[in-house]
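# Examination of the molecular architecture
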Amino acid sequence: MDKFLIEGGQPLTGPAEVSGSKNAALPIMAAVLASDGPLELTAVPDLDDVHSLLGLLGTLGVHAEFPAENQLKLVVETTRPHVADYDLVRRMRASICVLGPLLARRGRACVSLPGGCNIGHRPIDLHLKGLAALGADIRVQQGYVVAEAERLRGNSVFLGGPFGSTVTGTCNIMTAAALAEGRTVIEAAACEPEVVDLGDCLNQMGARIQGLGTPRIEIEGVERLGAARHRVIPDRIEAATLLIAAAITGGQIDISPVRPDHLVAVCEILEQTGMRIEQLATETVSAPGQVTWRATAPDVIAPTSFTALPYPGVPTDIQAQLMALLCLADGISVVTDKVFPDRFLHAAELARLGARITRDGPTAMIHGVERLSGANVMAGDLRASAALVLAALAASGTSTVRRIYHLDRGYQRLDGKLNRLGADVIRTGDSRGPSPPHWDTGTTARPDHSGHRVAGGQGKNPRSRSS
Ligand code: EPZ
């Protein structure tokens, strides 16, 4: 199992490139099952989760080609298979995104229940309620969701749950409704940019979807969905993680491409900590809405408080990374997560680096400390791993961050990106050596292991309020 050895104290500076969004790419890839294809995608991030989904799509009759780096062509070769196997689904919860498209196009879907998760309870009742409202016959049998419907029928579907709407649930219902007979209205739909990106791609395929980005999505069902070409939006969570890397190390980065409209809440919190963010380059015709930002760290990190909420609130997927930053703030910050109230496993690991965090239910109180110091840490999920890497970048001395496979699921070669900014991150493997994922251009999906380290900067200057 790979781990990172991180020598803290390097201020990160220079240009940083943001990859395509994981959480947009996954449901978009799954949506090919609802179409006759092909689906040609650009800006697909090279991630373990993408390769896991390609493995699952392969068993469902979808052939993948890799014309160039971060480009993907998906061709539907057969529409017969309808079983998403436990061994493939359990690797990644987002596999549930195949349920709606499979059912709508093939009339039958048998998808393993995704199972437990380190960030808290993650039911799929809203997905099932939505599909049932569209006329599907649904039962759970031997750990699998079995859904059947000769043709789905449009209906009114309410997707609000105890913690807000559901992102992948909205993706599932919207994709299924695109092929339903008649009109569907999704109330309390998720407004996340990733849902909008999927909707835009479905419209390219021939769907008739309106109201994307609002809590009321209207879908006029069509008979079939066809070919599409689509560029995946930049990953707002990766962008926010890189911005925090600059903030926590006292650096300055030029980051692109970013969609400012996707990062309003994160930008607000970072500016409250004292970070300066300015727009350098304006959008181009080929990438509308995407710009470059220059982000400059504060001299002293000001404390602040926030609540992770559904979009357009601060994303739960950046809660852990912001908490890492606030560990070094000059005062007390309060962080609440209303999307996943148990998503605080990182707090105990941050404490190993010297952070002072107390937790009360869905809320954590962070008492800023003067400095963090290197330690052995281990994370239990993707964003918690990112938070630990960020804290280690600012800590004095060496940290070892274990279980880096979590990070590789959702960040495209984060160690390489950080090292190009001057960080000192070495990937080592207990048995097989360096192994960032690798896009296998020209052939079929498989991660390769050909890691490298880009040298870091010179001066060691662990982040502390006195430095
Ligand atoms: C998506 O998960 C993301 N994953 C998550 O990102 C993200 O944290 C989450 O949305 C919230 O923004 C992908 O897009 C692949 P939800 P999803 O259904 O769709 C409750 C990451 O790190 N709920 O929007 O599975 C649920 O328990 C990952 O990249 C129900 O009650 O999340 C939670 O409290 C982790 N019933 C809230 O809704 C349901 O049927 C939001 O969950 C479904 C969800």
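One can find the structure itself at the top, above this paragraph.
Not measured: the values here are computed from a predicted model.

We now examine the site of the ligand. For the ligand, the set of nearby residues contains 23 residues, the closest of which are Thr 166, Thr 168, Asp 317, Val 339 and Arg 383. Between the ligand and Arg 122, the relevant distance is 2.9 Å, taken from an oxygen atom to a side-chain nitrogen or oxygen of the residue. Note that an oxygen atom of the ligand is positioned 2.7 Å from one of the backbone N or O atoms of Val 167. Protein chains shield 91% of the accessible area of the ligand, which is 820 Å² for the free molecule. Secondary structure elements with two or more residues in the shell around the ligand: α1 (22-31), α5 (125-133), α6 (167-178) and α12 (382-394).

So, about the pairing of strand β8 (residues 137-141). Sheet analysis places β8 next to strand β9 (residues 144-148), joined by five bridges and oriented antiparallel. In the strand pairing of β9, Asp 137 is matched with Glu 148. Counted along the chain from β8 to the antiparallel partner β9, the turn is two residues long, and its residue Gln 142 has a positive phi close to 50°.

This part covers the nonpolar core. Core analysis: the biggest nonpolar cluster contains 78 residues, and Leu 74 and Val 98 have the highest contact counts within it. Looking at this core, the element that brings in the most residues is α1, giving seven residues. What Val 98 contacts, discounting residues up to four positions off in sequence, is Ala 30, Leu 33, Leu 53, Leu 56, Leu 57, Leu 60, Ala 84, Val 111 and Asn 172. Among the nonpolar cores identified, the runner-up in size contains 77 residues, and Ala 16, Ile 248, Trp 293 and Val 425 belong to it.

Residues Val 62 and Ala 64 of strand β4 (residues 62-65) are buried on one face, while the alternating residues His 63 and Glu 65, pointing to the opposite face, are not. For β4 and strand β5 (residues 72-76), the ladder comprises four bridges, and the chain directions are antiparallel. The residue of β5 that forms the bridge with Ala 64 is Leu 74. From the end of β4 to the start of β5, which pair antiparallel, there are six residues, and Asn 70 there has a positive phi angle of about 65°.

Let us look at the sheet that holds strand β2 (residues 13-17). An order of β2-β15-β17-β16 is seen for the four strands of this open sheet, with the pairing classed as mixed. Where the open sheet ends on each side, the last strands, each with one partner, are β2 and β16 (276-279). Across the sheet, the mean angle separating the axes of adjacent strands is 20° when strand polarity is ignored. The pairing of β2 with strand β15 (residues 252-258) spans five bridges and is parallel.

We now examine the environment of Leu 202. Summarising the element assignment, Leu 202 is placed in helix α7 (residues 193-205). By relative accessible area, Leu 202 is classed as buried at 0%. A sequence separation of 27 residues divides Leu 202 from Thr 175, and the C-alpha atoms of the two residues are 7.4 Å apart. Residue contacts for Leu 202: discarding those within four places in its chain leaves Ala 31, Met 174, Thr 175, Ala 207, Ile 209 and Leu 225.

With that settled, consider unusual backbone geometry. It is generally the case that most residues other than glycine have a negative phi and that most peptide bonds are trans. For the peptide bond that leads from Gly 37 to Pro 38, omega is -10°, which places it in the cis range. Along the chain, Pro 38 falls in the loop between α1 and β3 (39-42). Cis rather than trans, the peptide bond between Ser 256 and Pro 257 has omega equal to -10°. Position of Pro 257 among the secondary structure elements: in strand β15. With a phi close to 65°, Asn 70 is a non-glycine residue in the positive phi region. Counting through the fold element by element, Asn 70 comes out in the loop between β4 and β5. Its identity as a non-glycine residue notwithstanding, Gln 142 has a phi of 50°, on the positive side.

Reading the values: the criteria
Residues numbered from 1 in each chain as written. Predicted model: local features only at pLDDT ≥ 70, side-chain atom pairs only at ≥ 80, totals over all residues. Heavy atoms only, no water. Near = heavy atom within 4 Å. Polar contact = N/O pair within 3.5 Å; in protein donor to acceptor, adjacent residues only side chain to side chain. Areas by Shrake-Rupley, 256 points an atom, 1.4 Å probe, with all protein chains shown as cover. Helix = DSSP H or I, 4+ residues; strand = E, 2+ residues; numbered from the N terminus. Pairing = 2+ DSSP bridges. Core = buried A, V, L, I, M, F, W, Y, C linked by side-chain atoms within 4.5 Å. Buried < 20%, exposed > 50% of the residue type's maximum accessible area, 1.4 Å probe, protein only. Contact = heavy atoms within 4.5 Å. Axes fitted to C-alpha atoms, helices over the stretch in contact; angles between N-to-C directions.

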